[in-house]
Amino acid sequence: MNLNVRLFDAALSDKFNYVNDLLLKGEIAAGKHIDDIEIWYSRYHESESSYAFANMTVAIRELLLSLGVTNKSTVACHPFCCLSSTAAIAEIGAKILWLDFDVAGPWISVSGLNSLDCKIDILFNYNVGGYSGCLDKIDTFCSDHNIHHINDCNASSLSMYQKKPVGSYGDFSVHSNYPNRHLRSIDGGIIVCNKNKH
């Protein structure tokens, strides 16, 4: 007996004609489709603007530089920040301060933030596997202490927290379009500038 079982169906519908456009026009890093992606991210996160970059590390580096981060700056990081996030911080030469987990879940301990005895310039939050907690409290802490809150959503682009997209928390959120992420492509990084903040 000969059984033919298709495990994967790679047929593309007409919705994917943009791939042909990309290949013919060479608009992989710029053009209409990149504009569409930036508009989509802005609308989904109810933000004023979003910007696409070649990859997430480049996006984070450019964001940090635009915020004035130097080798004299301190960036407080979630303990599970991935290499594509921390590589940009290391490239600039900023000091990384590793933060504690909350006892309730894999997010930053707000009580730990309140007990910090050093100045931090940037708080770099990471949402582990889409699990997010205390984002509103982290936003409040950062606002009260004049700290830029960058919300790393590379593993949580479509996750929600308190009925809002996770990427709508923080002064900025960063997203990865690396092939193993939720919203994937060849590669890419997105910065979302959140409403009424920048």
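Criteria and cut-off values
Along each chain, numbering runs from 1 in the same order as the chain's sequence is written. Only residues with pLDDT of at least 70 are given local features in this predicted model, and only at 80 or more are side-chain atom pairs given and counted; all residues enter the totals for whole chains, interfaces and linings. Computation of side-chain values covers all heavy atoms of the structure but excludes hydrogens and water. Think of it this way: any DSSP run of H or I at least four residues long counts as a helix, any run of E at least two long counts as a strand, and we number them from the N terminus. Note on classification: 1.4 Å probe, protein chains only; a residue is buried when its accessible area is under 20% of the maximum for its type, exposed when over 50%, partly exposed between these limits. A helix's residues, less one, multiplied by 1.5 Å, set its expected span. Predictor confidence is given residue by residue as pLDDT, running from a minimum of 0 to a maximum of 100. DSSP-based pairing: two strands are paired if at least 2 bridges between them are found. We call a crossover right-handed when, viewed with the strands running away from us, the connection from the first strand over the helix to the second turns clockwise. Within this scheme, the nonpolar core is defined by two criteria: the residues are buried Ala, Val, Leu, Ile, Met, Phe, Trp, Tyr or Cys, and they are joined through side-chain atoms within 4.5 Å. Whether two residues are in contact is decided by their heavy atoms, any of which lying within 4.5 Å being enough.

Draft legend 1. Up close: the environment of Ile-37. Along the chain, Ile-37 falls in helix H2 (residues 32-44). Classification of Ile-37 by relative accessible area gives partly exposed; the value is 36%. Counting along the chain gives 14 residues from Ile-37 to Tyr-51, while the straight-line C-alpha distance between them is 8.8 Å.

Draft legend 2. Structural context of H2. Here H2 is 13 residues long and its end C-alpha atoms lie 18 Å apart, about the 18 Å a rise of 1.5 Å per residue gives. Looking one or two places after H2, you find Glu-46, whose phi comes out positive at around 50 degrees.

Draft legend 3. Inspection of the confidence of the model for the chain at higher detail. On average, residues of the chain score 83 in pLDDT, and 77% of them reach the 70 mark or higher. Predicted confidence in the chain is weakest over helix H1 (residues 17-25), with a mean pLDDT of 64, and strongest over strand E2 (residues 74-77), with 95.

Draft legend 4. Structural context of the pairing of strand E7 (residues 148-152). When you tally the buried positions in E7, you get 4 out of 5 residues, the bulk of the element. Direction of pairing for strand E6 (residues 122-126) relative to E7: parallel, over a ladder of 5 bridges. Note on E7: the bridge partner recorded for Leu-123 is His-149. Between E6 and its parallel partner E7, the chain crosses via helix H6 (residues 135-144), and the hand of that crossover is right-handed. Inspection of the sheet shows E7 paired to strand E10 (residues 172-176) by 3 bridges, in the parallel sense. Paired with Asn-151 across the bridge in E10 is Ser-173.

Draft legend 5. Highlighting the nonpolar core. Ranked by internal contacts, the top residues of the largest apolar core, which has 23 residues, are Leu-64, Val-75, Phe-124 and Val-174. At 5 residues, the largest contribution of residues to this core is made by helix H3 (residues 56-66). The residues contacting Leu-64, other than those within four sequence positions of it, are Val-69, Ala-88, Ile-89, Ile-92, Ile-122 and Ile-150. Counting 14 residues, the second largest nonpolar core, distinct from the first, contains Ala-76, Val-110, Ile-120 and Cys-142.

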